[in-house]
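What follows is the residue order along each chain.
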Amino acid sequence: MPARLINGNELSKQIRSDIALRAAELTRQGKRPGLAVILVGDDPASHVYVRNKVKACHDAGFHSVLEKYEATMAEAELLARIDQLNHDPAIHGILVQMPLPRHIDPHKVIEAISTRKDVDGYSVLSAGELMAGLDGFRPCTPYGCMKLIESTGCDLRGKHAVVIGRSNTVGKPMALLLLQANATVTICHSATPDLAYHTRQADVVVAAVGRRNTLTGDMVKPGAIVIDVGINRNEEGKLCGDVDFDSVSQVAGWITPVPGGVGPMTITMLLANTLESAER
Ligand SMILES: Nc1nc2c(c(=O)[nH]1)N[C@@H](CN(C=O)c1ccc(C(=O)N[C@@H](CCC(=O)O)C(=O)O)cc1)CN2
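Residues numbered from 1 in each chain as written. Predicted model: local features only at pLDDT ≥ 70, side-chain atom pairs only at ≥ 80, totals over all residues.

A. Structural context of the UniProt feature "binding site: NADP(+)" (unreviewed entry) in the protein. Taking the UniProt record as the reference, the feature "binding site: NADP(+)" (unreviewed entry) is found at Gly165, Arg166, Ser167 and Ile231. With respect to the helices and strands, Arg166 occurs in the loop between strand E5 (160-164) and helix H7 (171-180). Arg166 has contacts with Gly171, Lys172, Ile187 and His189, leaving out every residue within four places of it along the chain. Under the C-beta neighbour-count criterion, Ser167 is labelled partly exposed, with 16 such atoms within 10 Å. If near-sequence neighbours (up to four positions away) are discounted, Ser167 is found in contact with Lys172 and Ala208. (UniProt positions renumbered as here; feature names shortened; annotations may be inferred. Helix = DSSP H or I, 4+ residues; strand = E, 2+ residues; numbered from the N terminus. Contact = placed C-beta atoms within 7 Å. Buried ≥ 20, exposed ≤ 12 C-beta atoms within 10 Å, placed from the backbone.)

B. Here's a closer look at the sheet that holds strand E4 (residues 93-96). Strand order in the open sheet made by the 3 strands is E3-E2-E4, with parallel pairing throughout. For this open sheet the edge positions go to strand E3 (63-69) and E4, each flanked by a neighbour on one side alone. Each strand of the sheet is rotated relative to its neighbour by a mean of 15°, with strand direction disregarded. Note: strand E2 (residues 34-40) against E4, 4 bridges, orientation parallel. Note that in E4 the partner of Ala36 across the bridge is Ile94. Together, E2 and E3 form the strand contacts of helix H2 (residues 44-60), whose direction differs from that of E2 by roughly 170°. (Pairing = 2+ DSSP bridges. Axes fitted to C-alpha atoms, helices over the stretch in contact; angles between N-to-C directions.)

C. Examining the sheet that holds strand E11 (residues 254-255) more closely. Reading across the sheet, the 6 strands line up as E1-E11-E8-E7-E5-E6 and stay open at both edges, with parallel pairing between neighbours. The sheet is open, and its two edges are formed by strand E1 (4-5) and strand E6 (184-188), each paired on a single side. Judged from the 4 bridges that link them, E5 and strand E7 (residues 204-207) form a sheet pairing that is parallel. Along E7, the bridge assignment pairs Val162 with Val205. The sheet strands contacting H7 are E5, E6 and E7, and the helix crosses E6 at an angle near 170°.

D. View of the nonpolar core. Core analysis: the biggest nonpolar cluster contains 81 residues, and Ala161, Ile164, Val205, Val206 and Val226 have the highest contact counts within it. Considering each element in turn, this core owes the most residues, 9 residues, to helix H10 (residues 262-279). There are two domains that each give this core at least three residues, and those are domain 1 (30-114) and domain 2 (139-263). In contact with Ala161, not counting residues within four places along its chain, are Leu156, Leu178, Ala183, Val185, Ala202, Asp203, Val204 and Val206. (Core = buried A, V, L, I, M, F, W, Y, C linked by C-beta atoms within 7 Å. Domains from an automatic or database assignment.)

E. Region of the structure containing the pairing of E6. With 5 bridges joining them, E5 and E6 adopt parallel strand pairing. Looking at E6, one finds that Val162 is bridged to Thr186.

F. Structural detail: the site of the ligand. Taken together, 17 residues sit near the ligand, with Tyr49, Met98, Pro259, Gly263 and Thr266 positioned nearest. Those elements that place two or more of their residues in the shell around the ligand are E4, helix H6 (140-150) and H10. It is H10 that provides the largest number of residues to the shell around the ligand, a total of 4 residues. For the shell around the ligand, the class distribution of residues is 11 nonpolar, 5 polar and 1 charged. There are two domains that each give the shell around the ligand at least three residues, and those are domain 1 (30-114) and domain 2 (139-263). (Near = placed C-beta within 6 Å. Nonpolar A, V, L, I, M, F, W, Y, C, P; charged D, E, K, R; others polar.)

G. Spatial organisation of helix H5 (residues 124-132). Along H5, the positions that sit buried rather than exposed are Ser126, Ala127 and Leu130. For H5, the angular spread of the buried residues around the axis is 100°, confining them to a single face. Away from its buried face, by an angle of more than 90 degrees, H5 presents the exposed residues Gly128 and Ala132. One or two positions beyond H5, positive phi appears at Gly133, with a value near 75°. (Arc of directions from axis to C-beta.)

H. Quick look at unusual backbone geometry. A cis amide bond, omega 5°, links Met98 with the succeeding residue Pro99. On the secondary structure map, Pro99 appears in the loop between E4 and helix H4 (106-112). Positive phi outside glycine occurs at Asn213, with the angle close to 60°. Note on placement: Asn213 falls in the loop between E7 and strand E8 (225-228). On the basis of neighbour counts, which here come to 16 C-beta atoms within 10 Å, the residue Asn213 falls in the partly exposed class.

I. Structural detail: H10. Taking 1.5 Å as the rise per residue, H10 with 18 residues should run 26 Å; its terminal C-alpha atoms sit 25 Å apart, in good agreement. Here H10 lies mainly inside the structure; 16 of its 18 residues are buried. (Expected span 1.5 Å × (residues − 1).)

J. Structural detail: the domain arrangement of the protein. Taken domain by domain, the protein holds domain 1 (30-114) and domain 2 (139-263). Computed from C-alpha atoms alone, the centre-to-centre distance between domain 1 and domain 2 is 29 Å.

Okay, here's the thing in structure tokens:
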């Protein structure tokens, strides 16, 4: 039997409607959630993502500001602007769209954002809070992946989860969130000698490497949950993930599509973090 689809657009819609209700209640109490989105440079995909973030804010009843700067913007100028937003009471979340131009150090920028407004969950302190199991902001993409897994009804306790990829923004926090949910977690990466050996044992596979066809049907345990974080283009320019959807969907129990899986959930969990920041 082919895998069931985990529909990120549908789940996003449900979560966003709950977020909108909570935002309306907060607004009634005089605390409308506010997000500042900063884009530096002219990466076309980033322009689409920030536009979608601002639209999502509008639809949820949030206050939002979008600030676009030339690719030549000085690092010091960006840090000064973040400092002003840190002190702006109408702003509960600050998001600087990645990637940044090469002359700007992303670590400096992330660390300049107040931890209370780090709704991307990218700072060292937010990472430490996640590591220690404290209440901090969870990075939006792995947080969204957890919601997608949860939506299948799977109890992760005692399950074996394999994360492919070890980035600071997806792979590592993903592994920690799965661990927090009592899964047994394996992290695989570019130096893992036999990836298929690990993935064939997994009840849950999260693929986050940025290379298409990393996971094929012969590498998956029948019935497994497969979450595809990848955003790649094939030879025809068509959007695709890290998972070979056609072969994996013949073996897996559940699978996320690309587009329409993890992507929309990233923006949804950004709203969730911003709302939480305002509620705090
Ligand atoms: N500061 C941040 N920068 C970046 C993040 C992030 O979470 N914070 N993540 C990515 C890009 N990203 C959000 O910013 C993002 C990527 C993809 C999608 C999405 O909805 N994708 C759609 C397909 C869209 C398309 O057609 O191209 C989907 O998968 O269905 C949303 C957000 C890097 N930078």
